[in-house]
Amino acid sequence: FQACTGIENIDEAITLLEQNNWDLVAAINGVIPQENGILQSEYGGETLHGPAYGPTSHSTAASSTPSSSSAFRHVVPSRQIVERQPRMLDFRVEYRDRNVDVVLEDSSTVGDIKHILENELQIPASKMLLKGWKTGDVDDSTVLKTLHLPKNNCLYVLTPDLPPPSSSHSGALQESLNQNFMLIVTHREVQREYNLNFSGSSTIQEVTRSCHGHCTFPVSPSAGVWAVHPSTFSMTLAVAGLTFPCHRLTVGRRSSPVQTREQSEEQCTDVHMVSDSDGDDFEDAAEFGVDDGEMFGVASSALRKSPMMPENAENEGDALLQFTAEFSSRYGDCHPVYFIGSLEAAFQEAFYGKARDRKLLAIYLHHDESVLTNVFCSQMLCAESIVSYLSQNFITWAWDMTKEANRARFLTMCTRHFGSVVAQTIRTQKTDQFPLFLIIMGKRSSNEVLNVIQGNTTVDELMMRLMAAMEIFSAQQQEDIKDEDEREARENVKREQDEAYRISLEADRAKREAQEREMAEQFRLEQIRKEQEEEREAIRLSLEQSLPPEPKEESTESVSKLRIRTPSGEFFERRFLASSKLQVVFDFVASKGYPWEEYKLLGTFPRRDVTQLDPNKSLLEVKLYPQETLFLEAKE
């Protein structure tokens, strides 16, 4: 919002966003008049009305840059004067077994909250210590808007100068004495966090001795600090008003003896209540001069953790299996689903599918020797909102940087995939800056590192940075989907054209093959016909040669004259000896091209089928003497 509108005052920006129910588009449109231009969003295809950004040359250069790192084109508009509306803040204040809701403008002071609580709780404002602020050095004159608070806040009241509850609560007190309290202590000087377990019957003196005199605690938790008064060392944790089962403390070293009481109290620790702290019983207690195991009467080796990843692991998949198992044993089963396989396989899974299925790649770099690791893993990386968001939008791959061999191996992989600049950036990270969270986006020609998130962050900041990376990725993904759809459309058209061309070729080939088959069949039939004609011609010639000579008209022997009509109407005549057999007539007709197997020879009066007669009889016997007219007719 600040990048789009140019508003530098964070209070003003938060007020405008709250007025628009945290709707980014509506808030921008509320600040930037619509008639000044159009703000084009790359996310979701929306068009936002807004100003023409900056000078013409700058706007053109900004809009022509293809690698925009935001869902909106980053441009600097002219400042708009916004009339600031009062921002209302909601507070839920806890005091022992009571809750009080307070609503104030952010222009109010901390003292105004105390005056309201004075009427509600019937406790003098001078006796109250109001705790639970996210920042230190808060007094009654502090204006709320200077603390940059969210809309909803939780505080609690401590009253160290008031007596504890009456004896009617002795049963509850006895129960508190038997309970175990976890004190989550944050050491300011070394920026470390320690988890200490104490029974409710433990005294403040016992707690301070366990911390080996590195810091001082005020007398009563109602005062927000445990002041250095020997008479208060005998107070037990059960009556100190701590939150059960976990209570958060921030500690510092003792004040100088020459400081005033007010200066000393400013350096004392603030107490912050939490209800979901977790971790090991006691970590790195040596900073307080106490050995890990000695605090609880067990050997320190019993609390030593297994390595997250074996050193010099040959197979990355096996190393990631051990990493996942060890991570689950330390921080529980609610954690990101780590990709089991090599970094190249993770790239393949995240970047090289269809555009709609691609995801960002999140690389988690673990380091056991960093003071931030346990807090980051247990409170940020294992938060349900973070786990859910990562599983939906990211492929998460992990590596342990604790061992030097594993560190060198990852830096080699990093140089190969991201270049020497990214590898050098990771190489220069100090141990206390780990763990690191790398957000990688795959591009057409290379892999781009969108963000490097260090361990000193909060859940909200981590979620915001993940969402910011997702906005950039979504804009790029929409372009990739559009390009892929256009490419697929072109390929579909080409496939359809190729298929139509193939079908046309097959049709032409089939037609050509059919023609060739027809021609081949015609040729075959023609060959058969020719062979049959040649055979018939040979038979005809043979019969013609085998016929006896035609007798002359003046022959002294009996001669029969036969006149034969063909189916085409033609006639041919021949003389035969009356003593000749009927077969001679058949052979004569066959020699003219009318074999008796295909044609019938019919007589006229009476009509008869001569071919049915005995061919061995003479013409005289079959009464074809002295002359006869016969007809040839094709058999059916």
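Residues numbered from 1 in each chain as written. Predicted model: local features only at pLDDT ≥ 70, side-chain atom pairs only at ≥ 80, totals over all residues. Heavy atoms only, no water.

Draft legend 1. Focus on the nonpolar core. Formed by 60 residues in total, the largest nonpolar core has its most connected members in Leu361 and Trp397. For this core, the element with the highest residue contribution is helix α16 (residues 459-546), accounting for seven residues. With near-sequence residues (within four places) excluded, leucine 361 lies in contact with Leu343, Ala346, Phe347, Ala350, Phe351, Phe394, Ile395, Trp397, Leu438, Ile439 and Ile440. (Core = buried A, V, L, I, M, F, W, Y, C linked by side-chain atoms within 4.5 Å. Buried < 20%, exposed > 50% of the residue type's maximum accessible area, 1.4 Å probe, protein only. Helix = DSSP H or I, 4+ residues; strand = E, 2+ residues; numbered from the N terminus. Contact = heavy atoms within 4.5 Å.)

Draft legend 2. Seen up close, the pattern of salt bridges. For the structure on display, the rule yields 25 salt bridges. Here aspartate 101 and arginine 92 are joined by a salt bridge, their closest N and O atoms 3.1 Å apart. Exposure remark for aspartate 101: the relative accessible area of 54% places this residue in the exposed category. Note on arginine 92: relative accessible area 40%, which makes it partly exposed. In this structure, the salt-bridge partner of aspartate 498 is lysine 494, at a minimum N-O distance of 3.1 Å. In this pair, aspartate 498 and lysine 494 are both assigned in helix α16, four residues apart and thus about one turn of the helix distant. Of the residues examined, aspartate 498 reaches a relative accessible area of 39% and is grouped as partly exposed. Bridged by salt links that share partners, the residues Glu326, Arg330 and Asp368 form one connected network. (Salt bridge = Lys/Arg side-chain N within 4 Å of Asp/Glu carboxyl O.)

Draft legend 3. Region of the structure containing the sheet that holds strand β17 (residues 599-603). One open sheet accounts for five strands, arranged β16-β15-β19-β17-β18; its pairing is mixed. Each having just a single partner strand, β16 (571-577) and β18 (608-609) make up the two edges of the open sheet. In this structure, β17 lies alongside β18, joined through two bridges in antiparallel fashion. Considered in β18, the bridge of leucine 602 is made with aspartate 609. (Pairing = 2+ DSSP bridges.)

Draft legend 4. Structural view of the sheet that holds strand β5 (residues 129-131). Taken in spatial order, the four strands make up an open sheet running β4-β3-β6-β5, and their pairing is mixed. Each of the sheet's edge strands pairs with one partner strand only, and the pair in question is β4 (98-105) and β5. The mean angle between the axes of side-by-side strands here comes to 30°, regardless of whether they run parallel or antiparallel. Two elements, β5 and strand β6 (residues 152-158), share three bridges in a ladder whose sense is antiparallel. Looking at β6, one finds that leucine 129 is bridged to leucine 158. (Axes fitted to C-alpha atoms, helices over the stretch in contact; angles between N-to-C directions.)

Draft legend 5. Region of the structure containing the confidence of the model for the chain. Put simply, the chain has an average pLDDT of 75, and 74% of its residues get 70 or more. Counting interchain partners and residues more than four positions distant, the pLDDT-below-50 stretch residues 212-232 has 78 contacts. Note that pLDDT drops below 50 for residues 254-304; the model gives that stretch 108 contacts with residues more than four away or on any other chain. (pLDDT = per-residue confidence, 0-100.)

Draft legend 6. Focus on helix α15 (residues 420-427). Turning to α15, its buried residues number three or more, namely Val422, Ala423 and Ile426. For α15, the angular spread of the buried residues around the axis is 100°, confining them to a single face. Turned more than 90 degrees away from the buried face of α15, the exposed residues are Ser420 and Val421. Buried residues in α15 make contact with β11 (360-366), α14 (404-418), β13 (436-442) and β14 (447-453). (Arc of directions from axis to C-beta.)

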